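Below, each chain spelled out in residue letters.
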Amino acid sequence: MGMSDLLYGVYERRLSKMLDPDRLPHHVGAIVDGNRRWARGAGAGVDFGYQAGAEKITEFLGWCDELDVKIVTLWVLSTDNLRRPPDELAALLSVIEQMVESLAALGRWRLQLIGNLDMLPPESAARLKRAAESTEGIAGLNVNICVGYGGRQELTDAMRSLLLDQAAKGKSLEEVARTLDVDDIAEHLYTKGQPDPDLVIRTSGEQRLSGFLLWQSVHSEFYFSDALWPAFRRVDFLRAMRSYASRERRFGA
């Protein structure tokens, strides 16, 4: 172990002791950005970056578990990502499928897929669904994995679902419009029944949401880290937790 590793270990322990458990987030969202840039910096192919990013997710979930986070929502494949070159997209989907199966095999966390799986190749969607369904009934940390996810797509799907549901009950558009409120829409989101994220972390130095949980993040706190996702360390995670714990949440008041 080098001197820098030793110092980081001391710093990590100091940060951990500073955290007040009563002020930590219950639901953490993460935009896991920077895999390709990290791979380029390492002189490797994008496949290597995707694999390193997948391995980091297991670490990240372990850190969240240690701090008794209840829900983690991870954005691993956006609707925009689906427009990448076919070979690159196939490689990314393969890594995601293997990652979800590996997480399921651990038997530690309940996995839920968030997104429009109809936008994925049928074999990929089926493989992901099988893995996630195998974790039903597992207690502990709930892990939402956003695949084929876009904030605008979610709102579009929510409104379509709401209108079809109301039409099946014999309601006209005018009746729906008269009675529509925010709770009606929330009931048709991918995350229905779950609390909104308290904290959203984005890596890679980008300071935007890019459509992540547009509806749910209206009162979330945000933390932007310069670290590329595969290089995101536990000390970076603890800094995010410390930043969150130091804030006075106002919820728009």
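Conventions and cut-offs
- Residues numbered from 1 in each chain as written.
- Predicted model: local features only at pLDDT ≥ 70, side-chain atom pairs only at ≥ 80, totals over all residues.
- Heavy atoms only, no water.
- Phe/Tyr/Trp six-rings, centres within 6.5 Å; stacked < 30°, edge-to-face > 60°.
- Helix = DSSP H or I, 4+ residues; strand = E, 2+ residues; numbered from the N terminus.
- Buried < 20%, exposed > 50% of the residue type's maximum accessible area, 1.4 Å probe, protein only.
- Core = buried A, V, L, I, M, F, W, Y, C linked by side-chain atoms within 4.5 Å.
- Contact = heavy atoms within 4.5 Å.
- UniProt positions renumbered as here; feature names shortened; annotations may be inferred.
- Polar contact = N/O pair within 3.5 Å; in protein donor to acceptor, adjacent residues only side chain to side chain.

Novice: Explanation requested: the packing of aromatic side chains in the structure shown.
Specialist: For any pair of aromatic rings, geometry is given as the distance between the ring centres together with the angle between the planes. What the rule picks out here adds up to 13 aromatic pairs. Taking 6.3 Å as the distance between ring centres and 45° as the angle between the ring planes, the aromatic pair formed by Trp 63 and Phe 232 counts as tilted. With Trp 63 in helix H3 (residues 46–66) and Phe 232 in the loop between strand E6 (221–224) and helix H9 (234–245), this pair connects stretches of sequence that are 169 residues apart. Using a relative accessible area of 0% as the deciding quantity, one classes Phe 232 as buried. Consider the rings of Tyr 149 and Phe 212, whose centres lie 6.4 Å apart with planes at 75°: the pair is edge-to-face. You can see Tyr 149 sitting in strand E4 (residues 142–149) and its partner Phe 212 sitting in the loop between strand E5 (199–202) and E6, a full 63 residues away along the chain. Accessibility assignment for this pair places Tyr 149 and Phe 212 in one class, buried.

Novice: Would you mind showing me how to read the nonpolar core here?
Specialist: The nonpolar side chains of a soluble globular protein tend to be buried with one another. Core analysis: the biggest nonpolar cluster contains 54 residues, and Phe 60, Leu 74, Val 76, Leu 77 and Ile 145 have the highest contact counts within it. When residues in this core are grouped by element, the largest group, nine residues, is from helix H4 (residues 86–106). Ignoring any residue separated from it by four or fewer positions in sequence, one finds Leu 77 in contact with Leu 82, Leu 89, Leu 92, Leu 93, Ile 96, Leu 120, Cys 146, Val 147, Gly 148 and Tyr 149. Residues Ile 31, Trp 75, Ile 114 and Leu 213 belong to the second largest nonpolar core, which totals nine residues.

Novice: Explanation requested: the UniProt feature "binding site: Mg(2+)" (unreviewed entry) in the protein chain in the structure shown.
Specialist: Taken from the UniProt record, the annotation "binding site: Mg(2+)" (unreviewed entry) applies to Asp 33 and Glu 221. What Asp 33 contacts, discounting residues up to four positions off in sequence, is Arg 202, Thr 203, Ser 204, Glu 206, Leu 228 and Trp 229. A polar contact is formed between the side chain of Asp 33 and the side chain of Arg 202, at a distance of 3.0 Å. Following the sequence through the fold, Glu 221 ends up in strand E6. Every residue in contact with Glu 221, bar those within four places of it in the chain, is listed here: Asp 198, Leu 199, Val 200, Tyr 244, Arg 247 and Arg 249.

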